[in-house]
Amino acid sequence: MDHDDLNHWSKWAADWARDYHATLGERPVRAPLVPGAVARQLPEMAPEMPEDMAAILADFERIVPGAMTHWQHPRFFAYFPANAAPASMLAEQLVNAMACNALIWQTSPAATEMEQVMVQWLRAALGLPEGFVGTIHDSATNATLSAVLTMREVALGHQGNITGLAGAGRLRIYASAQTHSSVDKAIRVAGIGQDNLVKVATEASLSMDPAVLDRLIRADLAAGFVPAGVILCTGGTSVGACDRIADCIAVAKAHGLPVHVDAAWAGSAMICDEFRHLWAGVEDADSIVFNPHKWLGAQFDCSVQFLRDPGPQVRTLGLRPSYLETAGREEIVNFNEWTVPLGRRFRALKLWFVLRAHGLEGLRGMIRNHVAWAQEACQALQGLAGLQIVTGPALSLFTFALKDDAATAALLERINNDGRIYLTQTQHKGRFVIRVQVGSLACTRDDVMMIPQVVAAMMMMPDCAAGPQG
Ligand code: PLP
């Protein structure tokens, strides 16, 4: 296949994409399959001889779209969204065509400089004060890992990277049980050890209790541990919990500890003034992560980490062997020194396209609609006999359940086998609950109001709905 062929088939792909998106609403949201159904259709070995692109694309159409869970479906209400605005898809096509590796400034100056400017556009859009700088990671998991590695190195006087962790003080990191599992993963990967991630009790509001945080830090100090940092959340994954950022940061700062705030999902909502109370005090954090690839329409992957001072993170993660030096240009930024991987994609272009194509006002309108429609759907569900709203809307996320876990799980399975909407589950206070989050770029109020319709219909059905097909 050469570039003329690429041109030809790109037009085919553009037509396919248009039809795919135009008919998404007619497809079941979740792939109606059992494991192994796709692998069985693929040959065991790679072909020895070139194959015709027409045949490859025919197989694509036959095997792939019907075996996908459609994240851009207007009735995708599961997990959190991974929205892809058409402008973002277009930017990614252009990035694909250039196929760069933006590891240092001189390998892709436009990627580096646009990343710096987009981080500033977003900083201002989220209401964060001047002075924060930042970078774009692939995922919040990697941003949080970078923050935890930095906490570790600062606590160890930057010796962990040099001499290893054996013999170092036993570090402690503090977070509430409402933080995402990426925090647990970061603590493990950083060599701090799961036992040293202290899960701080939450209050009725589901915020970390700052008084308990203070007690735990003091007890650890008395016992000879080395507190290294605090991780807070705005919009926890399970039910949207928000820590009282200002009060928790005050405790952390009283003990001289750095703070990382995980707002992977809810951060996007902070482009709206009226939601910023949810993270009041965030301007005193040292590191903040949010994912434009969740709710802002810059497609996966695109996770922004703001840093009050990049110095400690760059000292932790940056290496500059001679083959990565840019001679005579000490003032430039090489973003690989801010993140774990060396190689990096040109992620800023899709932000540039999306922010310009929608404008902040357009994006605010979308998020405000989602929050309002989630509240409406929640109210409609509240009226169904036998159904209980377990946690009310945190922005556009709420949970509900039936009288016992088995009945709730059976209802969820029926809803998802039906295919018109897609919901997922979580555990809340020991209970199996169904999560609803409204965040699909393509959804309308009618799509959202289909949630109570489908739930009501599925509650009327006997427990023997058809299962997935092989
Ligand atoms: N933090 C929160 C609050 C999340 O909800 C998620 C994922 O949904 C993550 C972190 C991890 O995000 P990523 O997939 O970008 O690593």
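Residues numbered from 1 in each chain as written. Predicted model: local features only at pLDDT ≥ 70, side-chain atom pairs only at ≥ 80, totals over all residues. Heavy atoms only, no water.

1. Digging into the overall build of the protein chain
Right, on to step 1. A count of helices and strands for the protein chain gives 14 helices and 11 strands.
Right, on to step 2. The C-alpha atoms of the protein chain give a radius of gyration of 24 Å, which matches the 23 Å a tight globule of 470 residues would have.
Right, on to step 3. Reported as C-alpha extents along the three principal axes, the dimensions of the protein chain are approximately 60 × 60 × 45 Å.
Right, on to step 4. Residue pairs at least 24 apart in sequence account for 74% of intrachain contacts in the protein chain once pairs closer than 6 positions are excluded.
Right, on to step 5. Surface accessibility of the protein chain: about 21,000 Å² in total, with carbon and sulfur atoms responsible for 56%. (Helix = DSSP H or I, 4+ residues; strand = E, 2+ residues; numbered from the N terminus. Rg over C-alpha atoms; globule rule 2.2 N^0.38 Å. Contact = heavy atoms within 4.5 Å. Areas by Shrake-Rupley, 256 points an atom, 1.4 Å probe, with all protein chains shown as cover.)

2. What to know about the environment of Q159
Right, on to step 1. You can see Q159 is positioned in the loop between α5 (140-155) and α6 (160-163).
Right, on to step 2. Sequence separation of Q159 and L90 is 69 residues, and the distance between their C-alpha atoms is 45 Å.

3. Observations regarding the sheet that holds strand β11 (residues 431-437)
Right, on to step 1. The strand order across the open sheet built from four strands is β8-β9-β11-β10, with neighbouring strands paired in antiparallel fashion. The outermost strands of the open sheet, each flanked by one partner alone, are β8 (388-394) and β10 (424-428). Going across the sheet, the axis of each strand differs from the next one's by a mean of 30 degrees, ignoring polarity.
Right, on to step 2. Direction of pairing for strand β9 (residues 397-401) relative to β11: antiparallel, over a ladder of four bridges. In the sheet register, L397 faces β11, and the bridge partner there is Q437.
Right, on to step 3. Taken strand by strand, helix α13 (residues 405-418) contacts β9, β10 and β11, and its axis lies near 35 degrees from that of β11. (Pairing = 2+ DSSP bridges. Axes fitted to C-alpha atoms, helices over the stretch in contact; angles between N-to-C directions.)

4. Focus: the packing of aromatic side chains
Right, on to step 1. As enumerated under the stated definition, the model contains 12 aromatic pairs in all.
Right, on to step 2. Ring plane angle 80 degrees and centroid distance 5.7 Å describe the contact between F76 and Y422, whose orientation is recorded as edge-to-face. Of this pair, F76 sits in the loop between α2 (53-63) and α3 (86-98) while Y422 sits in the loop between α13 and β10, and the two are 346 residues apart along the sequence. Neither F76 nor Y422 differs from the other in exposure class; each is buried.
Right, on to step 3. Ring centres of W352 and F353 lie 6.0 Å apart, and the angle between their planes is 50 degrees; on these two criteria the pair is classed as tilted.
Right, on to step 4. Feature note: the residues W71, F76, Y79 and Y422 constitute an aromatic cluster, connected by ring pairs.
Right, on to step 5. Stacked on the ring of F80, the Lys or Arg R435 has its end atom at 4.9 Å from the ring centre. (Phe/Tyr/Trp six-rings, centres within 6.5 Å; stacked < 30°, edge-to-face > 60°. Buried < 20%, exposed > 50% of the residue type's maximum accessible area, 1.4 Å probe, protein only. Lys NZ or Arg CZ within 6 Å of the ring centre and 35° of its normal.)

5. Remarks on the environment of K429
Right, on to step 1. Position of K429 among the secondary structure elements: in the loop between β10 and β11.
Right, on to step 2. Taking the C-alpha atoms as reference points, K429 and A266, separated by 163 residues in sequence, lie 22 Å from one another.

6. Observations concerning the site of the ligand
Right, on to step 1. Taken together, 13 residues surround the ligand, and among them A140, T141, T237, D262 and N291 come closest.
Right, on to step 2. T141 places a polar side-chain atom, nitrogen or oxygen, 2.5 Å from an oxygen atom of the ligand.
Right, on to step 3. The fraction of the free accessible surface of the ligand (390 Å²) that becomes covered by protein chains is 85%.
Right, on to step 4. When atom positions are compared with the pocket grids, the ligand is found to occupy the second largest pocket.
Right, on to step 5. Residue assignment for the shell around the ligand shows that the elements contributing at least two residues are α5 and α10 (292-295).
Right, on to step 6. Taken together, the residues of the shell around the ligand break down into three nonpolar, eight polar and two charged. (Near = heavy atom within 4 Å. Polar contact = N/O pair within 3.5 Å; in protein donor to acceptor, adjacent residues only side chain to side chain. 1 Å grid on protein atoms, 1.4 Å probe; cavity = no way out; pocket = protein on both sides within 12 Å on 5 of 7 lines; lining within 4 Å. Sits in = over half its atoms within 2 Å of the grid points. Nonpolar A, V, L, I, M, F, W, Y, C, P; charged D, E, K, R; others polar.)

7. With respect to the sheet that holds strand β7 (residues 303-307)
The strands that make up a sheet pair up through hydrogen bonds in the backbone, lying either parallel or antiparallel.
Right, on to step 1. In spatial order, the strands read β1-β7-β6-β5-β4-β2-β3; together these seven strands make up an open sheet with mixed pairing. Of all the strands in the sheet, just β1 (133-137) and β3 (197-200) have a single pairing partner and so form its edges. Strand after strand, the sheet turns through a mean of 20 degrees between neighbouring axes, direction not considered.
Right, on to step 2. Note that strand β2 (residues 171-176) and β3 share four bridges and pair parallel.

8. A few points about the pattern of salt bridges
Right, on to step 1. Considering all chains together, one arrives at 25 salt bridges under this definition.
Right, on to step 2. The closest approach of N and O atoms between R152 and E153, which form a salt bridge, is 3.0 Å. The residues R152 and E153 share a single accessibility class, namely buried.
Right, on to step 3. We note a salt bridge from R218 to D214, for which the minimum N-O separation is 3.0 Å. Separated by four residues within a single helix, R218 and D214 lie in helix α8 (residues 210-222), roughly one turn from each other. (Salt bridge = Lys/Arg side-chain N within 4 Å of Asp/Glu carboxyl O.)

9. A closer look at the layout of surface pockets
Taking a probe equal in size to a water molecule and rolling it over the atoms shows the remaining empty space.
Right, on to step 1. Approximately 1,200 Å³ is the volume attributed to the largest pocket.
Right, on to step 2. Along its surface, the largest pocket is lined by 39 residues, and A17, H21, M89, Q93 and Q299 are the ones closest to its centre.
Right, on to step 3. Listing elements by their share of the lining of the largest pocket, those giving two or more residues are α1 (3-23), α2 and α3.
Right, on to step 4. It is α1 that contributes the most residues to the lining of the largest pocket, 10 residues altogether.
Right, on to step 5. Counted as a void, the second largest pocket has a volume near 650 Å³.
Right, on to step 6. Lining the second largest pocket we find 30 residues, and of these Y79, F80, H180, T237 and K294 sit closest to its centre.
Right, on to step 7. At the level of elements, α5, α7 (181-189), α10 and β10 are the ones that each hand at least two residues to the lining of the second largest pocket. (Points joined across faces, edges and corners; volume = space filled by probe spheres on them.)

10. Some words on helix α14 (residues 445-460)
Right, on to step 1. With 16 residues, α14 extends 24 Å from end C-alpha to end C-alpha; this agrees with the ideal 22 Å at 1.5 Å per step.
Right, on to step 2. Among the residues of α14, those classed as buried are D447, V448, M449, M450, I451, P452, V454, V455 and M458.
Right, on to step 3. In this fold, the buried residues of α14 make contact with α12 (348-382), β9, α13 and β11. (Expected span 1.5 Å × (residues − 1).)

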